[in-house]
Amino acid sequence: MSFLTRFFDGVQRDLRIFFFLLILLEIYRAAFIWLMSDYMDAGTTPEQIRTALWAGLRLSLKTAGFVTAISFVFVTVLGLNPRFRLALGIFASLIFSTLYMARFPYFRTFNSTYGMEILNGLQDDWWAILVMAVQEYGLLWRLPLALLLTILCIATISRLLLLKTLPLPKIRGKFDMVLFMVLLIVPIGFFCVFVRFGGSLSYANGINWENSAVTSDRFLNECILDDGQALYRTYSMAKYMTDGSVSGVDEKNIAEAVAFISARKNIDSKNLADYLERTATGARIDKPRHIFIILGETFMQWPMLGKYSNLHVADGIKSVAAEKNSYYSRNFMPNSDFTSGSICGVVTGLPDVGVHVNYQPRTYDEPYISAMAPIFHELGYRVDFWYGGAPSWDNISQAVTAQGFDNFYGYPDLHAPKQTVWGAKDEFLFAALESHLAAEPPTVHLIMTTSNHPPYNLNLAQEGCDAEKLLFEVKRLPNVPDAETLATELGHYWYMDKVVTNFIRAVEKKFPDSLFVVTGDHAVRCDPNTHPTIFEHQSVPFVLHGAGIDKNILPPDVVGEHISIVPTLVELIAPENFKYHSIAPSLFESDGVAFNSAAFLTEKIVGEIGSDTVELLPHVASADLDSVNLSAERETATKVISAMRTVAWWILNRGLNF
């Protein structure tokens, strides 16, 4: 077979692979929209669905084209065995079918298609993730179904590739040869460009993941991305972050950024430490014996809101917040959408800039300038970390000890049975901590709970939760696609809330001079319905409780985030003129902006970073949205976010000198 004959035959067979994959991705997209239609907005029209399907089809040209290009280069051009084309089609079908089946639990968990959580999972405990996938997310039936879909794809692809192709036209002489090659190569070139730009011959008129949100329905906009494009989006975002291109980071303006957030003005220095130094104004309460910073796993704030009071899953923390020696702010954000990112935020004082701090080489050289442990050491405290899971999880024990923590206590130190692959029940974690207190010197304890995490396998009735009543109340909530699953998740939230509350009550009886901070590592994973507000999806509570605390210790609903916890505690207990370093101000000098990788919050609004989407905070809902200057709110937030992220990124990647 001549090269031209093989080439002409191969182009036709490649086109079959291309159109098969394109149609497959569109079928999966349409089926997903249909099966998950509860996540669509109530006002979404059929026209918007058609718009999403059309935009998705155009975007999937890129995905199908990428796979087809491999066959074109290696088989059609270079002459590799045609079986490689079939194997490639089978492999692509297996990948897309598996990703399609996994997308259902992923979307229900994170309210989006594949995103940055994937990268965090790659650093996580793979065995634990596997067990969780089996117990919680139906791996044992989803995987066979994906294989069945793949078998159907194999049968179709095999049949398509066995069909005869059009024969090579008879070519007489060099002129016919040149004419034929032009008529063949030019259309192929146009086709490649058309596919590359998503149904257009130019970038300006094309479509890509960055501009694919063409409807007003967030769910449909996510569905426009096929799984290949969603993974490419994740790769691109990770690359942007590594390159310092995360939203807000502007390394060229590091001097302006650090000057903007500096508590000290008119400084002439090229060292960030000089700008980040803060001076305590003097102790506001007596120095506590013990300080407890509790990061509750998925301790989202929405169950504490009045509209969900009938669920009674947050009664414990609400009762603590209601006491006269407590302060509670609803305007609070986690540092990250995932656990280790939030832990690292509290430990290092650095906001999330898309860099996995727990795997950053600088983390193991010495504590960062804003790290919490050295600050509390200067105040006379030992600093310990308590976690109900394995110390090896996400490199966390090595990271926190490298950042100056004196001790790390994990699952092996609890001498308790494992409840899940992630670790022991929260009650064993807090029991072990409580038993340590009598013999301990003044200590700051950073505590990470584990029980409110899939796989959800607690015997809720045995723990005292009225699961039937909870399920009844969950079923009364609007737009809940799976009431049984949500009730189970909220039952585990109830358990965590109970254990944390009982611990606070028990410890303050023994050590009445203790101080407690209760918040959540993140809110993402458990939403009240298919259309959560940004506030419900993102916010976590901030409860400050203990001797010397009252309702007026801070302004009402002060705006804050994880990285403002440590400076706030310092300003509570440190003597006058005590020097420390922090990127974020304390809550006593709040800049009025809180943020993480995905969203920001001010005194009046909450919004998505990277989009124009904003919402009025639920507790200021009586105000007229039109009376709020949204552009001013967003402009203020953008300046603060950009400055803090730029400084944090510089510290992580360059150090202190600039």
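The written sequence of each chain sets the order in which its residues are numbered from 1. Given that this is a predicted model, residues contribute local features only at a pLDDT of at least 70 and side-chain atom pairs are listed and counted only at 80 or more, while totals for whole chains, interfaces and linings are drawn from all residues. The basis for every side-chain value is the complete set of heavy atoms in the structure, and neither hydrogens nor water enter the calculation.

Peer 1: I'd like a description of a nonpolar patch on the surface, backed by residues and values.
Peer 2: What goes into a patch is any residue over 30% in relative accessible area without a salt bridge, connected to like charges within 9 Å or, for nonpolar side chains (Val, Leu, Ile, Met, Phe, Trp, Tyr), within 5 Å. Using a 1.4 Å probe, the Shrake-Rupley method yields the accessible areas, and only the shown protein chains count as cover for residues. One side-chain nitrogen of Lys or Arg within 4 Å of one carboxyl oxygen of Asp or Glu is enough to make a salt bridge. On the surface, Val 178, Val 182, Val 186, Phe 190, Val 193, Phe 194 and Leu 201 cluster together into a nonpolar patch covering about 590 Å² of accessible area. Counting from the N terminus, the helices are the DSSP runs of H or I reaching at least four residues and the strands are the DSSP runs of E reaching at least two. By the element assignment, Val 186 lies in helix α7 (residues 173-196). Partly exposed describes any residue whose relative accessible area lies between the buried limit of under 20% and the exposed limit of over 50%, with all areas from a 1.4 Å probe on protein chains only and scaled to the type maximum. For Val 186, a relative accessible area of 41% translates into the label partly exposed.

Peer 1: A description of the packing of helix α1 (residues 3-35) against helix α6 (residues 139-162) should follow, citing residues and the corresponding values.
Peer 2: For helices, the axis comes from a line fit to the C-alpha atoms of the stretch in contact; other axes are also lines fit to C-alpha atoms, and the angle between any two N-to-C directions lies between 0 and 180 degrees. Remark: α1 packs on α6, axes separated minimally by 10 Å, with the N-to-C direction vectors making an angle of 150°. Between α1 and α6, the crossing angle belongs to the class labelled roughly antiparallel. In the packing of α1 onto α6, the handedness of the crossing is right-handed. Residues Arg 13, Arg 16, Ile 17, Phe 20, Leu 24 and Tyr 28 of α1 lie in contact with α6, whose contacting residues are Leu 149, Cys 153, Thr 156, Ile 157, Leu 160, Leu 161 and Leu 162. Amino acids outside the nonpolar list (Ala, Val, Leu, Ile, Met, Phe, Trp, Tyr, Cys, Pro) and the charged list (Asp, Glu, Lys, Arg) are all regarded as polar, and Gly is one of them. Per-class residue counts for the contact of α1 with α6 are 10 nonpolar, 1 polar and 2 charged. Throughout, the term roughly parallel applies to angles under 35 degrees, roughly antiparallel to angles over 145, roughly perpendicular to angles from 65 to 115, and oblique to all others. Two helices crossing with the near one rotated counterclockwise from the far one by less than a right angle form a left-handed crossing, whereas a clockwise rotation gives a right-handed crossing. Throughout, a contact is declared for two residues whenever any of their heavy atoms are within 4.5 Å.

Peer 1: Break down the nonpolar core for me, with residues and values.
Peer 2: Each nonpolar core is a collection of buried residues, namely Ala, Val, Leu, Ile, Met, Phe, Trp, Tyr and Cys, held together in the definition by side-chain atoms within 4.5 Å. Among the nonpolar cores identified, the biggest contains 147 residues, and Met 372, Phe 376, Leu 490, Leu 544, Leu 569, Leu 572 and Val 647 are the most heavily contacted of them. The element best represented in this core is helix α20 (residues 483-510), accounting for 13 residues. Filtering out sequence-adjacent residues up to four positions away, Phe 376 remains in contact with Ile 291, Tyr 381, Val 383, Val 444, Val 566, Leu 569 and Ile 573.

Peer 1: Which residues make up the sheet that holds strand β14 (residues 594-595), and what are the values?
Peer 2: One bridge is not enough; two strands pair if DSSP finds at least two bridges between them. If you trace the 4 strands from one edge of the open sheet to the other, you get β14-β15-β16-β17, paired in antiparallel fashion. Strands at the two margins of the open sheet, each flanked by one partner only, are β14 and β17 (614-616). When β14 meets strand β15 (residues 599-601), the two strands line up antiparallel, connected through 2 bridges. Bridging from a neighbouring strand, Phe 595 pairs with Phe 600 of β15.

Peer 1: Just give me the short version of the packing of aromatic side chains, but keep the residues and values in it.
Peer 2: The aromatic pairing rule takes the rings of Phe, Tyr and Trp, using the six-membered ring of Trp, and pairs them if the centres are within 6.5 Å, calling planes under 30 degrees apart stacked, those over 60 edge-to-face and the rest tilted. Inspection of the entire model under this criterion finds 30 aromatic pairs. With a centroid separation of 5.4 Å and 90° between ring planes, the pair formed by Phe 107 and Phe 219 is classed as edge-to-face. Note that Phe 107 is positioned in helix α3 (residues 83-110) and Phe 219 in helix α8 (residues 218-224), a separation of 112 residues in sequence. Judged by relative accessible area, Phe 219 falls into the buried class, the value being 3%. Ring geometry for Tyr 387 and Trp 393: centres 5.3 Å apart, planes at 35°, overall tilted. Ring pairing ties together the aromatic residues Tyr 28, Phe 32, Tyr 39, Tyr 100, Phe 104, Phe 107 and Phe 219, which thus form one cluster. In this scheme, the term charge over a ring applies when either NZ of a lysine or CZ of an arginine sits within 6 Å of the ring centre and within 35 degrees of the ring normal. The aromatic ring of Tyr 411 is capped on one face by Lys 418, whose charged end is 5.4 Å from the ring centroid.

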